[in-house]
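What the coordinates show
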Amino acid sequence: MEDLDRHNEINKHINAVGTFFDVFHVVANHNLLGELKSSSISYLLSEMGERLEAIKKLNNETYEKLQDLKRTAGISN
């Protein structure tokens, strides 16, 4: 995956997680948690878990790529 594509993919997932927390904050502030079905909450939490896992995977790929570049360039920590 190219650097720009990886960056865009990470941003997409971060924005989705941010939107989730914004909505969750509004729902909580208006005491609407009781109005949500547990299945809806479970779905949202599993969706956010998948987004976070994707962010972690992309972050690890980026880290590994940077480490390979450092090794190739002969840079040590």
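Calculation rules
Residues numbered from 1 in each chain as written. Predicted model: local features only at pLDDT ≥ 70, side-chain atom pairs only at ≥ 80, totals over all residues. Heavy atoms only, no water. Helix = DSSP H or I, 4+ residues; strand = E, 2+ residues; numbered from the N terminus. Buried < 20%, exposed > 50% of the residue type's maximum accessible area, 1.4 Å probe, protein only. Salt bridge = Lys/Arg side-chain N within 4 Å of Asp/Glu carboxyl O. Axes fitted to C-alpha atoms, helices over the stretch in contact; angles between N-to-C directions. Parallel < 35°, antiparallel > 145°, perpendicular 65-115°, else oblique. Left-handed = near helix turned anticlockwise from the far one by under 90°. Contact = heavy atoms within 4.5 Å. Nonpolar A, V, L, I, M, F, W, Y, C, P; charged D, E, K, R; others polar. Patch = residues over 30% accessible without salt bridge, like charges linked within 9 Å, V, L, I, M, F, W, Y side chains within 5 Å. Areas by Shrake-Rupley, 256 points an atom, 1.4 Å probe, with all protein chains shown as cover. Phe/Tyr/Trp six-rings, centres within 6.5 Å; stacked < 30°, edge-to-face > 60°.

In this model, N31 sits at a positive phi of 50 degrees, which is unusual for a non-glycine residue. Relative to the elements of secondary structure, N31 occurs in the loop between α1 (3-29) and α2 (38-73). For N31, a relative accessible area of 68% translates into the label exposed.

A separate point is the pattern of salt bridges. Inspection of every chain in the model, using the stated rule, returns eight salt bridges. Note that R6 and E61 form a salt bridge whose closest N and O atoms lie 3.8 Å from each other. A residue pair is termed long-range when its members are at least 10 positions apart, and R6 in helix α1 and E61 in helix α2 qualify at 55 residues. In this structure E61 comes out as partly exposed when scored by relative accessible area, which is 27%. Residues E61 and K57 are paired through a salt bridge, measuring 3.7 Å at the closest nitrogen-oxygen approach. Remark: K57 and E61 occur in helix α2; sequence separation between them is four residues, near one turn of the helix. The class for K57 is exposed, based on a relative accessible area of 53%. Shared partners join several salt bridges into a network, and the residues in it are D3, R6, K57, E61 and K65.

Before going further, it helps to spend a moment on the packing of α1 against α2. Geometrically, a packed helix pair is captured by the angle between its two axes and the distance between the axes. Between α1 and α2, the least distance of the axes is 9 Å, while the angle of their chain directions is 150 degrees. Regarding the angle of α1 to α2, the classification is roughly antiparallel. The handedness of the crossing between α1 and α2 comes out as left-handed. The segment α1 lies against α2, with D3, R6, E9, I10, K12, H13, I14, A16, V17 and F20 engaging L44, L45, M48, R51, L52, A54, I55, L58, N59, E61, T62 and K65. For the contact of α1 with α2, the per-class residue count stands at twelve nonpolar, three polar and seven charged.

Turning next to a nonpolar patch on the surface. There is a patch of nonpolar side chains on the surface, built from F24, L33 and L36 and spanning about 220 Å² of accessible area. In this fold, L36 is placed in the loop between α1 and α2. When its relative accessible area of 33% is taken as the criterion, L36 is described as partly exposed.

A few words now on the packing of aromatic side chains. The final tally for this structure, using the stated rule, is two aromatic pairs. Aromatic side chains F20 and F24 sit 5.7 Å apart centroid to centroid with 25 degrees between the ring planes, which places their arrangement in the stacked category. Taken as a pair, F20 and F24 lie in helix α1 at a separation of four residues, close to a single helical turn. Given the relative accessible area of 34%, F24 is considered partly exposed. An aromatic cluster of at least three residues, connected via ring pairs, comprises F20, F21 and F24.

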